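Listed below are the residues making up each chain.
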Amino acid sequence: NLNRVVCSDEPGGIILDVAAGSVAAASYNVISITVAGGLIPDPGNTAAGNGMAADTLANDHFTNLTGGPLLVVYEIVPVSADGCEGNIRQVQLTVNAEPILDPGLDATICSDAPGGINLAVAPGSVPAANYNILAITVDPALVANAGNAVAGNGQTASAIAGDVFTNLTNGPLNVVYDVVPVSSAGCAGDMVQVTLTVNPEPIVDPNLDATVCSDLPSGIVFDVVAGSVGAANYNNNSISPASGLVPNAGNATAGICRPATAIANDIFTNKTANPLDVVYGIAPVSADGCVGDVVTITLTVDPEPVLDPSLDMAICSDIPSGLTLNTNGVSVAADSYNISVISVAVGLVADAGNATTGSGQAANALAGDIFTNTTGGPLSVTYDITPVSAAGCEGDLEQVILTVNPEPILAGGLDATVCSRASSGILFSVAAGSVAAASYNIVAITPDPALVADPANRPVGNGYASNAIATDKFTNTTNGPLTVVYDVVPVSNLGCEGKVGQITLTIDPEPVVDPNLNTTVCSDVPVSYTHLRAHET
């Protein structure tokens, strides 16, 4: 039986021969060759003719690209050495089909994405039972995943579907697979190159970390490294602020397709004592939709000092405020203070040496401020203060209110003139419009040396009532008026002292009978006095 079965493109391998016991054939006549439709004969195949050798058909090749086996039928007549021809016999060559790899398997993917190529045959082709991957040619700039396919025979249709390549350049790069499909009959198809194009992924610049002060925009603008493909947009995968940070209502949210400036205006408030971080997980996306690796960008928010909310205080008129600026004990310390506004109520008189507005002032900048309040009630000074940390971070502007309680004003016109030994009758009082005095301090009493003070008179002292000196008495036995000067300070019910006022008590002299008026006269002689007063001429 000379019939044979071969694969498409393989030599038929037919060696003509005679049956056992037959005379030998010296040659063969190929009467006809019938090739089934769909078979493609090789140009070098045998043609019909006489006097052929036994191996004349051995190297006949036929290509079968159909979906099944096809026949070649040879009609052969053996011829003996004597020229005797035998009967015509048919020799059949069955050519099994070779599979045809689908020519549309090329694919384009993004860096780090599976190739997704499933090997398959073209429509109408015999199925492939497996595939031989003869070679895999990877562009040198591509980085292959460790689990990628390797060259070898008998591989499945999904052999290269999971291949992953990383492209960190700025342009597409190729992987070329040399693939041969193999039918269940073991017939190998033609080698076809399958090209996987790997589009690059952008690389976020790793040097985008920033440090800003509390309440200032981050200023971070996304960008890619030199040599990377450009990013068309960015995926803001995550935003993780540290506990203690307060995000601004208008800050960016996590999401895809964000512009490069997505977080540039993000603002966080840090009122703690230490820097706190916000960590963003950012993935760049190219114009082809290729997503780069997630990179963490850290925004460090330096803290802002918080002014102590209990700095408001009340003082008396003409007393230094003693106000020392400070923070709340929880926030970072303030290194200096900006005084932007000083609002003084109408009626207050500021001391010439008081603080002025300005930046970089010390904590005791306001401690020496003095204001005079001679009205009938408290008046306020409002300072607009911004604390500034050593890192230059400004806290919120806060108002510190200094309440200046009024000082009473001793009334004028309290001077009096009385006779020697008479009560002064002086009652202390304050001027019209002045705050009332709750008491009075007598800080000095200066009598003329010739006056004699009554032992019951009030001495220098504090906390006297308004009638403190009303009963003071002095004896004036000179020949003219003498004065007593009281230095008096009125004091309000809040303990605010007014300015020293002087009250002058004038003591008119009393006459003194001359002690030398005694005389002796005779009975019935009139008495005559020359001197009526002592020292009087």
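Calculation notes
- Residues numbered from 1 in each chain as written.
- Predicted model: local features only at pLDDT ≥ 70, side-chain atom pairs only at ≥ 80, totals over all residues.
- Heavy atoms only, no water.
- Pairing = 2+ DSSP bridges.
- Helix = DSSP H or I, 4+ residues; strand = E, 2+ residues; numbered from the N terminus.
- Axes fitted to C-alpha atoms, helices over the stretch in contact; angles between N-to-C directions.
- Core = buried A, V, L, I, M, F, W, Y, C linked by side-chain atoms within 4.5 Å.
- Buried < 20%, exposed > 50% of the residue type's maximum accessible area, 1.4 Å probe, protein only.
- Contact = heavy atoms within 4.5 Å.
- Disulfide = S-S within 2.5 Å.
- Patch = residues over 30% accessible without salt bridge, like charges linked within 9 Å, V, L, I, M, F, W, Y side chains within 5 Å.
- Areas by Shrake-Rupley, 256 points an atom, 1.4 Å probe, with all protein chains shown as cover.
- Salt bridge = Lys/Arg side-chain N within 4 Å of Asp/Glu carboxyl O.
- Lys, Arg positive; Asp, Glu negative; His and termini not counted.
- Charge placed at Lys NZ, Arg CZ, Asp CG, Glu CD.

Student: Hey, could you run me through the sheet that holds strand β16 (residues 233-241) in this one?
Tutor: Pairing between sheet strands relies on hydrogen bonds along the backbone, with the strands arranged either parallel or antiparallel. Within the open sheet, the five strands sit side by side as β15-β21-β20-β16-β18. Their pairing is mixed. Looking at which strands have only one partner, the edges of the open sheet turn out to be β15 (210-213) and β18 (255-258). Between one strand axis and the next, the sheet turns by 30 degrees as a mean value, whatever way the strands run. Direction of pairing for β15 relative to strand β21 (residues 295-302): parallel, over a ladder of four bridges. Bridge pairing in β21 places C213 opposite D302.

Student: Would you mind going over unusual backbone geometry with me for this structure?
Tutor: Excluding glycine, residues mostly have negative phi values, and the peptide bonds linking residues are mostly trans. Positive phi outside glycine occurs at C257, with the angle close to 55 degrees. The topology assignment puts C257 in strand β18.

Student: I would appreciate a short explanation of the pairing of β16 in the present structure.
Tutor: Each regular strand displays side chains that alternate between the two surfaces of the sheet. With eight bridges joining them, β16 and strand β20 (residues 276-285) adopt antiparallel strand pairing. Bridge pairing links N233 to V285 in β20. Two elements, β16 and β18, share two bridges in a ladder whose sense is antiparallel. What sits directly across from N236, in β18, is G255.

Student: I would appreciate a short explanation of the nonpolar core in the present structure.
Tutor: A general trend in soluble globular proteins is that nonpolar side chains are found buried together. Residues F428, Y486, I503 and L505 are the most contacted members of the largest nonpolar core, which totals 21 residues. Elements that contribute at least two residues to this core include exactly β29 (416-419), β30 (439-447), β34 (482-491) and β35 (501-508). Considering every element that reaches this core, the biggest residue donor is β34, with four residues.

Student: It is not clear to me how the side chain of N235 should be interpreted in this structure. Could you clarify?
Tutor: Tracing the sequence through the fold places N235 in strand β16. Leave out the neighbours within four places in its chain, and N235 touches G255, I256, C257, G281, I282, A283, V285 and V291.

Student: It is not clear to me how the state of the cysteines should be interpreted in this structure. Could you clarify?
Tutor: In protein structure, a disulfide is the covalent linkage between the sulfur atoms of two cysteines. Under the definition given, this model contains four disulfides. Bridging C7 to C187, the disulfide has an S-S length of 2.0 Å. Measuring the twist about the S-S bond at about -80 degrees, one finds the C7-C187 disulfide to be left-handed. Pair noted here: C7 is in strand β1 (residues 4-7) and C187 is in the loop between β13 (173-182) and β14 (192-199), with a separation of 180 residues, a long-range link.

Student: I keep staring at the environment of L119 and nothing clicks. Help me out?
Tutor: As for its position among the elements, L119 is in the loop between β8 (107-110) and β9 (130-138). Between the alpha carbons of L119 and L168 there is a distance of 27 Å; along the sequence they are 49 residues apart. For L119, the residues in contact, after removing those within four places along its chain, are L105, Y131, T156, A157, I160 and V179.

Student: Explain a negative patch on the surface here, please?
Tutor: A contiguous patch of negative charge on the surface is contributed by D9, E10, D42 and D190. Among the structural elements, D9 can be located in the loop between β1 and β2 (27-35).

Student: Honestly, the environment of I239 in this entry has me stumped. Any pointers?
Tutor: Inspection of the secondary structure assignment puts I239 in strand β16. Owing to a relative accessible area of 25%, I239 belongs among the partly exposed residues under this scheme. Along the backbone, I239 and T137 are 102 residues apart, and their C-alpha atoms lie at a distance of 41 Å. Setting aside anything within four residues of it in sequence, one finds I239 in contact with A252, T253, A254, V278, V279 and Y280.

Student: Sorry if this is basic, but what is going on with the pattern of salt bridges here?
Tutor: In a structure, side chains of opposite charge can pair up when their charged atoms sit close to one another. The final tally for this structure, using the stated rule, is four salt bridges. Between K499 and D318 there is a salt bridge; the shortest N-O distance is 2.8 Å. Linking K499 in the loop between β34 and β35 with D318 in the loop between β22 (313-316) and β23 (336-344), this pair joins segments that are 181 residues apart in sequence. Overall, K499 belongs to the partly exposed group, its relative accessible area being 49%. With a relative accessible area of 26%, D318 lands in the partly exposed category. A salt bridge links K499 to E407; its shortest N-O distance comes to 3.3 Å. On the criterion of sequence distance, the pair formed by K499 in the loop between β34 and β35 and E407 in the loop between β28 (398-405) and β29 is long-range, its members being 92 residues apart. Here E407 falls in the buried class, since its relative accessible area comes to 2%. Sharing partners across several salt bridges, the network here consists of D318, E407 and K499.

Student: Could you clarify how one ought to interpret the side chain of S439 in this entry?
Tutor: With respect to the element layout, S439 can be found in strand β30. Taking relative accessible area as the criterion, S439 reaches 15% and is therefore assigned buried. Ignoring anything within four residues of it in the chain, the contact list for S439 reads G463, Y464, V489, P490 and V491.

Student: Got a minute to help me understand the pairing of β9 in this structure?
Tutor: Summarising the sheet, β9 and β13 pair through eight bridges and their orientation is antiparallel. The residue of β13 that forms the bridge with V138 is V175. Alignment of β9 against strand β11 (residues 152-155), held across two bridges, turns out to be antiparallel. By the bridge assignment for β11, Y131 is matched with Q155.

Student: Honestly, the sheet that holds β23 in this entry has me stumped. Any pointers?
Tutor: Pairing in this open sheet of five strands is mixed, and the strands run β22-β28-β27-β23-β25 from one edge to the other. Each end of this open sheet is capped by a strand with a single partner; those strands are β22 and β25 (358-361). The sheet shows a mean angle of 30 degrees between the axes of neighbouring strands, direction not considered. Both β23 and β25 contribute to a ladder of two bridges, which runs antiparallel. Bridge assignment links I339 to a residue of β25, and that residue is G358.

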